[in-house]
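Examination of the molecular architecture
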Amino acid sequence: MTDFTAARINMVDSQIHTMGVVSEPVLEAFRTVRREDFVPDARRAIAYCDEDLPVSPGRCLMEPVTHARLVQAALPVAGDTVLDVGTATGYSAAIFSKLADRVVAVEPDPKLLTKAEAIWLQLGLRNVTPHSGPFAAGYAASAPYSLIFINGSMAEIPPSLIEQIAPGGRLVGIVKGAQDKIGRAVIVTKAETGTVGERVLFDAAVPYLPGHQPRIGFVF
């Protein structure tokens with residue numbers, strides 16, 4: 001029988017911490033949120049493996065190291081309102097629920113979102129609000145957001161999400177274009193004046209969110 005508590009501590013100590021994640025609030029969030037609750041029953045025993053973990057066809061929880069590095073790069077603070085794009089079964093939103101004031105979790109798959117809501121309720125996470133809708137649309141009704149987090153690769157960051165970043169806010173995601181051999185974790189910032197900037201953080205290999213693969217054009 002798997003000792004999930006020991007596996008979770010080992011994930012933090014042996015996978016995440018050793019790869020440069022040193023923020024104690026981020027480490028504590030990964031120590032306390034039970035990843036095994038967010039995966040299918042058949043995969044609970046491997047919930048803490050160091051790879052992307054499928055939760056439904058075409059969808060996964062990100063590899064713990066990449067996930068934690070992205071969360072740390074996002075610099076979440078207690079006053080943040082987070083838009084969690086592509087929440088799937090809700091693990092990422094649960095992590096941010098420990099780090100921010102409020103989380104709005106967007107997911108287009110109704111079955112995944114229903115599962116996420118049930119888990120959040122079971123865990124007593126009262127600062128997470130679900131929204132069913134396309135990844136790129138975000139949730140403009142609650143915008144702007146001081147932090148937007150994208151759970152998967154995209155060929156490009158949708159302008160509609162950049163518009164929902166609050167002045168002084170940031171967006172973290174992974175971009176992998178058609179010619180890229182590997183994705184790049186990026187942080188998009190919006191100055192108080194509204195000026196948008198982008199910086200590459202590190203290389204990252206994460207599956208695309210459905211519908212956000214590069215468009216294949218004709219080559220002459």
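Everything numeric here is computed off the predicted structure, so don't read it as measured data. (Residues numbered from 1 in each chain as written. Predicted model: local features only at pLDDT ≥ 70, side-chain atom pairs only at ≥ 80, totals over all residues. Heavy atoms only, no water.)

A word on the overall build of the protein. When helices and strands are counted, the protein shows six helices and nine strands. For the protein, the proportion of its 220 residues judged to be buried stands at 50%. For the protein, the share of sequence-separated contacts (at least 6 apart) that also reach a separation of at least 24 residues comes to 55%. Split by element, the accessible area of the protein, about 10,400 Å² in all, is 55% carbon and sulfur. Taken together, the 20 basic and 23 acidic charged side chains of the protein have centroids lying 2 Å from each other. (Helix = DSSP H or I, 4+ residues; strand = E, 2+ residues; numbered from the N terminus. Buried < 20%, exposed > 50% of the residue type's maximum accessible area, 1.4 Å probe, protein only. Contact = heavy atoms within 4.5 Å. Areas by Shrake-Rupley, 256 points an atom, 1.4 Å probe, with all protein chains shown as cover. Lys, Arg positive; Asp, Glu negative; His and termini not counted. Charge placed at Lys NZ, Arg CZ, Asp CG, Glu CD.)

Turning our attention to helix α1 (residues 4–16). Those residues of α1 that fall on the buried side of the exposure criterion are F4, R8, M11, V12, Q15 and I16. Buried positions along α1 lie against α2 (24–32), α3 (64–74) and α4 (91–97).

Before going further, it helps to examine the sheet that holds strand β7 (residues 165–175). Strand pairs in the sheet, formed through backbone hydrogen bonds, run parallel or antiparallel to each other. Read from one edge to the other, the open sheet built from seven strands follows the order β5-β4-β3-β6-β7-β8-β9, with strand pairing classed as mixed. Each edge of the open sheet carries a strand with a single partner, namely β5 (128–132) and β9 (196–204). Going across the sheet, the axis of each strand differs from the next one's by a mean of 15 degrees, ignoring polarity. In the sheet, strand β8 (residues 183–190) pairs with β9 via eight bridges, with the strands oriented antiparallel. Following the sheet pairing, V188 is matched in β9 by E198. Lying over the sheet, α3 contacts β6 (145–154), β7, β8 and β9, oriented at roughly 160 degrees with respect to β7. Contacts from helix α5 (residues 110–123) reach β4 (102–107) and β5 within the one sheet, and its direction differs from that of β5 by about 170 degrees. (Pairing = 2+ DSSP bridges. Axes fitted to C-alpha atoms, helices over the stretch in contact; angles between N-to-C directions.)

Inspection of the secondary structure puts A42 in the loop between α2 and β1 (53–56). Spatially, the C-alpha atom of A42 lies 39 Å from that of R199, the residues being 157 residues apart in sequence.

Before going further, it helps to examine unusual backbone geometry. With glycine set apart, most residues show a phi of negative sign, and most peptide bonds adopt trans. Look at the link from A143 to P144: it is a cis peptide, with omega at 5 degrees. For L75, which is not glycine, the phi torsion reads 50 degrees and is therefore positive. Counting through the fold element by element, L75 comes out in the loop between α3 and β3 (81–85). For A88, which is not glycine, the phi dihedral falls at a positive 55 degrees. On the secondary structure map, A88 appears in the loop between β3 and α4. When its relative accessible area of 1% is taken as the criterion, A88 is described as buried.

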